[in-house]
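The lines below spell out each chain.
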Amino acid sequence: MDGQLGMLDHYDSAEDGTIIAVKSPLTPLSDTVIRGCPHCRGSLRNISRYGRIVRQALLDESTKKFISWSNSQAVTFERRLFDEQAKLEKLGRSSRFLKSIGREGDLGIIGEPVEQLRAIRDWVQDDRYRPIIRLYVEMLGYLDHVKIEEQPYRRVYDSVQHARQSGETAGEFTMDSSKVQTKGQLLAQALIFRCYLAVLSDLLQSRRAAKQFQTIVHFDPKKATSNCEELIKLAHETNYIRQETEGCIFYAKFIAIARQISTSPEDKPTQEVPDSLVERAKLHLANAEALVGKHSLTEYLRTELDSVKVMLYEGVFYNEVTSAEKSEVWLAMSRELSGTGHWYTCAQGHPFTIANCGLPMQEARCPECGAPIGGRDHQLTQGVQRDEAMDELGVAAARLRI
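Given the structure is predicted, the values throughout are model-derived calculations rather than measurements.

Draft legend 1. Representation of the pairing of strand 4 (residues 215-219). Residues Thr215, Val217 and Phe219 of strand 4 are buried on one face, while the alternating residues Ile216 and His218, pointing to the opposite face, are not. In this sheet, strand 4 lies alongside strand 3 (residues 105-109) in parallel orientation, the contact comprising 5 bridges. In the sheet register, Asp106 faces strand 4, and the bridge partner there is Ile216.

Draft legend 2. Focus on the pattern of salt bridges. Here the structure, examined in full by the defined rule, presents 17 salt bridges. The closest approach of N and O atoms between Glu229 and Arg280, which form a salt bridge, is 2.9 Å. Of this pair, Glu229 sits in helix 7 (residues 222-237) while Arg280 sits in helix 9 (residues 275-294), placing them 51 residues apart in sequence.

Draft legend 3. Structural view of the packing of helix 8 (residues 241-261) against helix 10 (residues 302-314). Following both chains from N to C, one finds helix 8 and helix 10 inclined at 35 degrees, their axes separated by 9 Å at the closest point. In terms of crossing hand, the pair formed by helix 8 and helix 10 is left-handed. Contacts from Ile249, Phe250, Ala252, Lys253, Ile255, Ala256, Ile257, Arg259 and Gln260 in helix 8 reach Glu304, Leu305, Val308, Met311 and Leu312 in helix 10. The class makeup of the residues in the contact of helix 8 with helix 10 is 10 nonpolar, 1 polar and 3 charged.

Draft legend 4. Up close: the packing of aromatic side chains. Scanning all chains against the criterion turns up 7 aromatic pairs. With 5.6 Å between their ring centres and 45 degrees between their planes, Phe193 and Phe250 make a pair best called tilted. Placement of Phe193 in helix 6 (residues 183-209) and of Phe250 in helix 8 is noted, with a sequence separation of 57 residues between them. Overall, the relative accessible area of 6% leaves Phe193 in the buried class. Three or more aromatic residues joined by ring pairs make a cluster, and in this case those are Tyr136, Phe193, Tyr196, Phe250 and Phe254. The aromatic ring of Trp123 is capped on one face by Arg103, whose charged end is 3.7 Å from the ring centroid. The ring of Phe97 carries the charged tip of Arg128 above its face, separated from the ring centre by 5.1 Å.

Draft legend 5. Representation of helix 7 in the model. A rise of 1.5 Å per residue sets the reference length of helix 7, with its 16 residues, at 22 Å; its end C-alpha atoms lie 23 Å apart and thus fit the reference within 8%. Residues Ala224, Thr225, Asn227, Cys228, Leu231, Ile232, Leu234 and Ala235 constitute the buried set of helix 7. Structurally, helix 7 contributes buried residues whose contacts are with helix 3 (113-124), helix 6, helix 8 and helix 9. A positive phi of about 65 degrees marks Asn239, the residue just after helix 7.

Each value, and the rule that gives it
Throughout this description, residue numbers start from 1 for each chain and increase along the sequence as written. Totals for whole chains, interfaces and linings use every residue, but because this is a predicted model, local features are given only for residues with pLDDT of at least 70 and side-chain atom pairs only at 80 or more, for both listing and counting. Side-chain metrics rest on all non-hydrogen atoms present in the structure, leaving aside hydrogens and water. Burial status follows relative accessibility: with a 1.4 Å probe on protein chains alone, a residue under 20% of its type maximum counts as buried, one over 50% as exposed, and anything between as partly exposed. Helix and strand assignments come from DSSP, with helices taken as H or I runs of at least 4 residues and strands as E runs of at least 2, each series counted from the N terminus. Note on pairing: two strands pair once DSSP finds at least 2 bridges between them. Salt bridges, as used here, are contacts in which a Lys or Arg side-chain nitrogen is within 4 Å of a carboxyl oxygen on Asp or Glu. What counts as an axis is a line fitted to C-alpha atoms, over the stretch in contact for a helix, and the angles between N-to-C directions run from 0 to 180 degrees. Left-handed describes a crossing whose near helix is turned anticlockwise from the far helix by less than a right angle; the clockwise case is right-handed. For this analysis, residues touch if any pair of their heavy atoms sits within 4.5 Å. Here the nonpolar group is Ala, Val, Leu, Ile, Met, Phe, Trp, Tyr, Cys and Pro; Asp, Glu, Lys and Arg are the charged ones; every other residue, Gly included, is treated as polar. Only rings of Phe, Tyr and Trp enter the pairing, Trp through its six-membered ring, and a pair is recorded when the two centres are within 6.5 Å. The plane angle decides the type: under 30 degrees is stacked, over 60 is edge-to-face, the rest tilted. Consider the ring centre and the ring normal. A charge sits over the ring if Lys NZ or Arg CZ is within 6 Å of that centre and within 35 degrees of that normal. Given the number of residues in a helix, its expected span is that number minus one, multiplied by 1.5 Å.

Have a look at this one:
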């Protein structure tokens, strides 16, 4: 049975078959099948001699399910956000709403972004923003589920470290951090920013539409821009170019909105946005422009980029992305994340699928980093690797019921 299960691939053993050492640490997504008993096909999960191999495969299977689930959730949230933005566009602004939003008083948009949204909701005394704020809160829950700390390998790693520190085990668990999936977290963060910006943008438009505006607005963008920096950093480190570009645009847009929304009824600034934040926004905007110019996969962000430049440099606000353009972005995203064929990874390790027969017939670019993917006549492009673990583990797990 040792031979059929590939024990010698993982362990050094004596002539009598006694295991004496582990050959090398297993890496995520390195196994190809969840192995069962060759005689009865039953699970070997609880047999200590083979448990390490089986549990490695189970971790790989959990990672596969995590990727598929997080991608499908992102598509659903993107669709819902598009629908809520379309509703805001069609809803119009009643005279009662405009009178309420411009009434005399102080509106403090400070603290955590969710607190800022609730402050806006309570100030307008209208249900206009309630549905999109509920969606925002749901997105925060989604983010909690896809953070790196919640992924299968990281949770096992943390459990092993805790056991070692408490003296329950002396074993080690080596985790290749480059294999931890970050796309779900990046997608969640980008969606949260877009939802947040949708409310701020609509508030700014409503403020301009009000005949009388006696509200003194105080908006603090520091927490939002700090979160943007985290998104940009993580996306850059993991070569997710689109999310890095989006993060740069978001940062600049927050600063542009802060400069326009924090004003008194006389259109005088109630607070000055620090020059350091403005200069930082300009640097991020320049970086976004360079990324869009270099990578065609970010071209769909061009319209938004150009509008934010106008907002930041000229102080002019307008609704930069139409519903039709948002729909095109959503459709592109849903097609990208709904592949059902064989699994592969690009040279940077980003997973993707090829539908139909599952074999490449044309060359393309990784939708995340722009690296060559696909191939010609069923031959993979250099640097692309078939991820057989992702293909086979699901079938094997279903068959063995483990």
